[in-house]
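Letter by letter, the chains look like this.
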Amino acid sequence: MKGIVFCEFLDMVDTAISPDMTEKIIEQCDLPSGGVYTTVGTYDHDEIITLVAALSKETGAPVAELVKTFGLHLFGRFVALYPQFFEGVENVFDFLDTVDAKIHVDVRKLYPEAQLPSICCERVGEDRLELLYESGRAMGDLAEGLIESAITHFDENISMSREDISSGSVQRVRFVLEKSSA
Ligand code: HEM
């Protein structure tokens, strides 16, 4: 997994809880990297799982909730770090269409070793978008946080529901986004 994800995760813990907590969880985890990350480096995906599990143990918050909260935070960082992906995009449905078709394609061009999910969007009428998340890394909770934060970013009145349709080692989550007429 790219170092940017680790750096942003540890920054979130620093700011939302405390730098002491960040140090504490890194110390508890026997990480191959030693908990030292650079944004452009690549690290074992298991390290983020180990760090989130340690944070869950320390705070008592469930892992799924922490991963989703991280997704909410990470989206804001993406907006700040990669404004080019948001230029000229006016609504969340159009934005979500670009994730698989453009954003993650560009990420892979920059970092061929990136491990990216499949994000497949289907419009069902004008007011409904169905998004299928598929990945061997089971980060559906991260996807949920990212999508929820995207809805907030575009300031639209959209409700979201989630259904887990996983089979075997691949996590599949269907998110249904519906514009409300109100
Ligand atoms: C709402 C929109 C987005 C969704 C739902 C999404 C979903 C995800 C998820 C769930 C992962 C974790 C890996 C996995 O599950 O297999 C991921 C990885 C990643 N995404 Fe996205 N993403 C979104 C937007 C973006 C944007 C705007 C960027 C900006 C450049 C971006 C860049 C990345 C990067 C760098 C990784 C890490 C790849 C790696 O660690 O090897 N994503 N994405």
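This write-up is about the structure you can find in this document. As the structure is a computational prediction, the values presented were derived from the model and not from experiment. (Residues numbered from 1 in each chain as written. Predicted model: local features only at pLDDT ≥ 70, side-chain atom pairs only at ≥ 80, totals over all residues. Heavy atoms only, no water.)

Now for the environment of Lys68. Along the polypeptide, Lys68 turns up in helix α4 (residues 63-81). The partly exposed category is assigned to Lys68, whose relative accessible area is 22%. Excluding residues within four positions of it along the chain, Lys68 makes contact with Asp141, Glu144, Gly145 and Glu148. (Helix = DSSP H or I, 4+ residues; strand = E, 2+ residues; numbered from the N terminus. Buried < 20%, exposed > 50% of the residue type's maximum accessible area, 1.4 Å probe, protein only. Contact = heavy atoms within 4.5 Å.)

Here helix α6 (residues 140-154) is 15 residues long and its end C-alpha atoms lie 21 Å apart, about the 21 Å a rise of 1.5 Å per residue gives. Counting buried positions along α6 yields eleven of 15 residues, so the element is predominantly enclosed. Along α6, the positions that sit buried rather than exposed are Gly140, Leu142, Ala143, Glu144, Gly145, Leu146, Ile147, Ser149, Ala150, Ile151 and Phe154. Once α6 ends, the next one or two residues include Asp155, with phi positive near 55°. (Expected span 1.5 Å × (residues − 1).)

With that out of the way, let us pick up the pattern of salt bridges. Applying the stated rule across the entire model yields 15 salt bridges. Between Glu144 and Lys68 there is a salt bridge, with its nearest N and O atoms 3.4 Å apart. In this pair, Glu144 is assigned in helix α6 and Lys68 in helix α4, connecting sequence segments 76 residues apart. By relative accessible area, which is 16% here, Glu144 ends up buried. (Salt bridge = Lys/Arg side-chain N within 4 Å of Asp/Glu carboxyl O.)

Attention now goes to the site of the ligand. Residues in contact with the ligand amount to 25 residues; listed here are only the nearest, Lys2, His104, Gln115, Tyr133 and Ser135. One of the backbone N or O atoms of Gln115 is found 2.7 Å from an oxygen atom in the ligand. Put simply, the parts of the chain that give the shell around the ligand at least two residues each are α5 (92-110), β2 (128-135) and α6. Among the elements that line the shell around the ligand, the one with the most residues is α5, at six residues. (Near = heavy atom within 4 Å. Polar contact = N/O pair within 3.5 Å; in protein donor to acceptor, adjacent residues only side chain to side chain.)

Moving on to unusual backbone geometry. In this structure, Ala138 takes a positive phi of about 50° despite not being glycine. Locating Ala138 in the fold gives a position in the loop between β2 and α6. Positioned with a positive phi, Asp155 is a non-glycine residue whose angle comes to about 55°. Judged by relative accessible area, Asp155 falls into the exposed class, the value being 69%.

This paragraph deals with the nonpolar core. In terms of nonpolar packing, the biggest core is built from 51 residues, with Phe9, Leu51, Phe95 and Leu96 touching the most fellow members. Ranked by the residues each element gives to this core, the list is headed by helix α1 (residues 3-16), at eight residues. Looking at which domains feed residues into this core, each of domain 1 (3-61) and domain 2 (95-179) gives three or more. (Core = buried A, V, L, I, M, F, W, Y, C linked by side-chain atoms within 4.5 Å. Domains from an automatic or database assignment.)

In total, this model carries ten aromatic pairs according to the counting rule given. Taken together, a centroid distance of 5.0 Å and an interplanar angle of 15° make the contact between Phe86 and Phe95 stacked. Plain terms: the ring middles of Phe95 and Phe154 are 5.8 Å apart, the flat faces sit at 40° to each other, and that makes the pair tilted. Of this pair, Phe95 sits in helix α5 while Phe154 sits in helix α6; the two residues are 59 residues apart in sequence, bridging distant segments of the chain. Here the two residues Phe95 and Phe154 agree in accessibility, since each one is buried. Three or more aromatic residues joined by ring pairs form one cluster here, namely Phe75, Phe86, Phe95 and Phe154. (Phe/Tyr/Trp six-rings, centres within 6.5 Å; stacked < 30°, edge-to-face > 60°.)

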